[in-house]
Amino acid sequence: EEERMDPAAQVAVLQELLHPEFESAEGGWRQGWVEWEAKLARHAPLLGSLGDAVRIGIVRARTPDLLRNHLEVSAASYGADYAAFRIVVDSYLRAHGGGLRQQPSPAVPLELDVMTKGKGKGKGSAARGECFRFRDTGQCKWGDRCKWDHARTSSSSSG
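Residues numbered from 1 in each chain as written. Predicted model: local features only at pLDDT ≥ 70, side-chain atom pairs only at ≥ 80, totals over all residues. Heavy atoms only, no water.

A. Summary view of the environment of glutamate 23. As for its placement among the helices and strands, glutamate 23 is situated in the loop between α1 (7-18) and α2 (29-42). Residues glutamate 23 and proline 64, 41 residues apart in the sequence, show an inter-C-alpha distance of 8.7 Å. (Helix = DSSP H or I, 4+ residues; strand = E, 2+ residues; numbered from the N terminus.)

B. Molecular detail of the environment of glycine 129. Examined against the element boundaries, glycine 129 turns out to sit in the loop between α7 (82-95) and α8 (132-137). Judged by relative accessible area, glycine 129 falls into the partly exposed class, the value being 27%. With sequence-adjacent residues up to four places away left out, glycine 129 is seen in contact with Trp148 and Asp149. (Buried < 20%, exposed > 50% of the residue type's maximum accessible area, 1.4 Å probe, protein only. Contact = heavy atoms within 4.5 Å.)

C. Structural detail: the pattern of salt bridges. Using the criterion set out here, one finds six salt bridges in the structure. Between aspartate 90 and arginine 30 there is a salt bridge; the shortest N-O distance is 3.1 Å. Of this pair, aspartate 90 sits in helix α7 while arginine 30 sits in helix α2; the two residues are 60 residues apart in sequence, bridging distant segments of the chain. For arginine 30, a relative accessible area of 29% corresponds to the partly exposed category. When the shortest N-O distance is used, the salt bridge between arginine 86 and aspartate 90 registers 2.7 Å. Remark: aspartate 90 and arginine 86 occur in helix α7; sequence separation between them is four residues, near one turn of the helix. The class for arginine 86 is partly exposed, based on a relative accessible area of 23%. Three or more residues are tied together by salt bridges with common partners; here these are Arg30, Glu37, Arg86 and Asp90. (Salt bridge = Lys/Arg side-chain N within 4 Å of Asp/Glu carboxyl O.)

D. Summary view of the packing of aromatic side chains. As enumerated under the stated definition, the model contains three aromatic pairs in all. Measuring from ring centre to ring centre gives 5.7 Å for tyrosine 82 and phenylalanine 85, while their planes differ by 35°; the resulting arrangement is tilted. With tyrosine 82 and phenylalanine 85 both in helix α7 and three residues apart, the pair spans about one turn of that helix. Exposure class is identical for tyrosine 82 and phenylalanine 85. Each is buried. Chaining the aromatic ring pairs together yields one cluster made of Tyr78, Tyr82 and Phe85. When the ring centre of tyrosine 82 is taken as reference, the NZ or CZ atom of arginine 55 above it lies at 4.0 Å. A cation over an aromatic ring shows up here: arginine 86 above the ring of tryptophan 33, its NZ or CZ 4.7 Å from the ring centre. (Phe/Tyr/Trp six-rings, centres within 6.5 Å; stacked < 30°, edge-to-face > 60°. Lys NZ or Arg CZ within 6 Å of the ring centre and 35° of its normal.)

E. Structural context of the packing of α2 against α7. Axis separation between α2 and α7 bottoms out at 12 Å; the angle between their running directions is 155°. The angle between α2 and α7 places the two elements in the roughly antiparallel class. The way α2 lies across α7 gives a crossing that is left-handed. Facing α2, whose interface residues are Trp29, Arg30, Trp33, Trp36 and Glu37, α7 presents Tyr82, Arg86, Val89, Asp90 and Leu93. When grouped by side-chain class, the residues that make up the contact of α2 with α7 number six nonpolar, no polar and four charged. (Axes fitted to C-alpha atoms, helices over the stretch in contact; angles between N-to-C directions. Parallel < 35°, antiparallel > 145°, perpendicular 65-115°, else oblique. Left-handed = near helix turned anticlockwise from the far one by under 90°. Nonpolar A, V, L, I, M, F, W, Y, C, P; charged D, E, K, R; others polar.)

F. Just α1, in detail. Here α1 spans 16 Å end to end across 12 residues, near enough to the 16 Å set by a 1.5 Å rise per residue. For α1, the capping residue at the N-terminal end is aspartate 6, with a side-chain oxygen 3.0 Å from the backbone nitrogen of alanine 8. (Expected span 1.5 Å × (residues − 1). Polar contact = N/O pair within 3.5 Å; in protein donor to acceptor, adjacent residues only side chain to side chain.)

Spatial relationships are all this shows, so hold off on functional conclusions.
Right, dumping it as structure tokens:
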């Protein structure tokens, strides 16, 4: 059972859980992540229901660059499901040295992908949104089947 904490202690715990520093753990990034999950479970009554998308956002914002890149490419495989996200991270860590003792990147602002369904009229004649992966890297694993626009701003033809 959660021990009673004064409000200042509650705020400190919330800040620690919402802004963790995984890379400062003795065993590296992975160990810090495991310790954060244990603290999250221990303080669940204080937090209430912290949704999967928020937990994924907190972890993604603090991942080292190589893992962050892998998570961006793999986003379709986990969506907003923390259990599936955890499997993707674990498999990456097993394949690439576990502790991730590489130089941590600075935390990026927390971004949550929110998809909304429009209520406009028409049959989809509006222009498609831009494919950010194609824009940023010049490549998209979906190629011509991608639902987003691959506007060519350079002479590059990969996709």
